[in-house]
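So you can see what is in the structure, the chains are spelled out below.
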Amino acid sequence: MSFTGVMGFVNGALQFIVAGYALRLNRIFGTARVGWSLFWAFSLLALLHLIQSLMSFNNGAQLGVEIECVYSFISLLLLTGMIHIETLLKERLRIEQEGKCLRGELESQVKEKTAHLTKAIGELQSEIAERKNAEVRISEQAQLLDLAYDAIIVRDMEDRILYWNRSAERIYGWTAQEAVGRKLEDLLPKDGFNASKYEEARKTILETGYWHGEFAARTKSGKEVFVEARWTLVRDSQGVPKSVLGISTDITEKKKFEAQYFRTQRIESIGTLASGIAHDLNNVLTPLMIAVQVLKEKVTDADGRRLLQALEANVQRGADIVKQVLTFGRGTEGMHIVVDPKHIAREIRQIVHGTFPKSVEFELHYPEDLWTITGNPTQLHQVLLNFCVNARDAMPKGGKLSLHMENAMVDETYAAMNLEARPGPYVVISVVDTGVGIPREIQDKIFDPFFTTKDPGKGTGLGLSTTLAIVNSHDGFILCQSEVGKGTTFKVYFPANRTPVAAEKALEEDFGLLRGHNELVLVVDDEEPILSL
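Remember, it's a predicted structure, so these values are computed and weren't measured experimentally. (Residues numbered from 1 in each chain as written. Predicted model: local features only at pLDDT ≥ 70, side-chain atom pairs only at ≥ 80, totals over all residues. Heavy atoms only, no water.)

A.B. asks: Looking at this structure, I do not really get the pattern of salt bridges. What am I missing?
C.D. replies: Side chains carrying opposite charge are able to pair once their charged atoms draw close together. Considering all chains together, one arrives at 14 salt bridges under this definition. Linking R306 and D303 is a salt bridge whose minimum nitrogen-to-oxygen distance equals 2.5 Å. On the criterion of helical spacing, the pair formed by R306 and D303 is a turn pair, its members being three residues apart in helix α9 (residues 302-330). Look at D303 and you get partly exposed, because its relative accessible area is 46%. (Salt bridge = Lys/Arg side-chain N within 4 Å of Asp/Glu carboxyl O. Helix = DSSP H or I, 4+ residues; strand = E, 2+ residues; numbered from the N terminus. Buried < 20%, exposed > 50% of the residue type's maximum accessible area, 1.4 Å probe, protein only.)

A.B. asks: Sorry, what's going on with the packing of helix α11 (residues 377-393) against helix α13 (residues 463-473) here?
C.D. replies: For any two helices packed against each other, one specifies the crossing angle of their axes together with the interaxial distance. At their nearest, the axes of α11 and α13 sit 9 Å apart, and the two run at 145° to each other. Handedness of the α11/α13 crossing: left-handed. Of α13, the residues touching α11 (which contributes Q379, Q382, V383, N386, F387 and N390) are G463, L464, T466, T467, I470, V471 and S473. (Axes fitted to C-alpha atoms, helices over the stretch in contact; angles between N-to-C directions. Left-handed = near helix turned anticlockwise from the far one by under 90°. Contact = heavy atoms within 4.5 Å.)

A.B. asks: Which parts of the structure should I look at to understand the pairing of strand β12 (residues 487-497)?
C.D. replies: Each regular strand carries side chains that alternate between the two faces of the sheet. Most of β12 is tucked away, with eight of its 11 residues classed as buried. Examined bridge by bridge, strand β10 (residues 424-433) and β12 share eight bridges and lie antiparallel to one another. Looking at the pairing, I429 lines up with V492 of β12. Here seven bridges tie strand β11 (residues 477-483) to β12, and the two strands are oriented antiparallel to one another. Residue pairing across strands places F477 opposite Y493, the latter belonging to β12. In textbook terms, the turn of a hairpin is the stretch between consecutive antiparallel strands, and for β11 and β12 this stretch comprises three residues, one of which, G485, has a positive phi near 90°. (Pairing = 2+ DSSP bridges.)

A.B. asks: Hey, could you run me through the pairing of strand β4 (residues 224-235) in this one?
C.D. replies: Of the pairings in the sheet, the one linking strand β3 (residues 210-218) to β4 comprises nine bridges and is antiparallel in character. When the bridges of β4 are listed, A216 appears paired with F226. The turn linking β3 back onto β4 is made up of five residues, and G222 within it adopts a positive phi angle of 95°. Pairing geometry for β4 and strand β5 (residues 241-250), over nine bridges, is antiparallel. Counted as the bridge partner of V227 is D250 from β5. Linkage of β4 to β5, two consecutive antiparallel strands, is achieved through a turn of five residues, within which G239 is found at a positive phi near 85°.

Dropping the structure here:
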């Protein structure tokens, strides 16, 4: 075989190798059309070269050798290029495969992070919803606490206020904005706050976790209030004291009712004692009064009659005191009739104009349609006269004394504020003076028997106590308002008859000495001095 045939075989083999690489490139590219086209093209060229090599002739061999060499060179270039392309493609495939792996890992991490983020967002949304629900519940509970009648105060362990509801604002006068952050003792004036009792309460609550008691305090405006407090120690989850919950009830009105009740009980007890004493004093004074009347008929000289008059005046004064004591002790005596208060007021005006100093100016005011009162005229007269005499004594340098009468209706609310009041119509009699006034600390004692602020010998201390007994016996009540240096107002409430003024007038009592006509009088008494006279 010639050289040309050998070269043809070599070229055909090379072209078959190139065709094989074409198939490999086909697998690498993943495109069947390109790979198979190259395969069949190079396979056909290789087959033609093999046939040419078998049928080569001697002539034109030199030209065939050159052509074969060119074919071999081209085949080698193609083979080298395909090998390089295969290397590059494999590297690209490796990079793409690594990229796919990295992309998969990245996508997996992204999915995992997304799942965690979605879960965190869900938990955050749940927490926000729970917090909103908790805020709503807290707001509702705060509204309920504001509706409570009792004052609710929460303080930390340093005594600083954390919560202050509306009832606390109502009782103490401080708003929540003013109170929160401040100490409780800073809100209460020193003169109205029992510091020692407060410290004792703090010590008790730290030891036992609870304290219950009463204390007095002054509001922002200076008004004194009494509260019943219940303090509870609040601990955290570790058992450490966290705050103090205080619930306080305003018992100021309750204290007033208790004071009125105790005063009534005290007056009743003293009245029972006074009745017994008055009975014994009456037995002592009766023989003296009888003896004075008998001696006045027998003594004719001026000095003797003057002494008898002084004796009679003092005995009569003692008898009047006994009468007041009996009236105070028994409450009421005599017949009750329909009384026109205007008639009694006009009688008081005559007495004032005739006996009071000219420096005391008197005024009387009443409506023409003033209702009537069912009562004892003499006792009603005594009530008004006692008030007027006290008003006169309270104005030693003169002043203004006013007597006002008016119709009034007492409703359920007003009756609930006064222990003795009952709903219904009343005649209100006000005695107003511009005197020295009554100090606040003794206003609760002025109706006590034998209590007086007058100088010794000028007052018995039975005037107002007797007045109160008479008013109570008529189902009425008395209110007192006084300020030192400005005067005093007494308001007396008598149950009224909403009827036209009755024609009945007060019964007139004749205290003159009755003369007999030689009748025989049987006297029965357990006191021998009285029988002997």
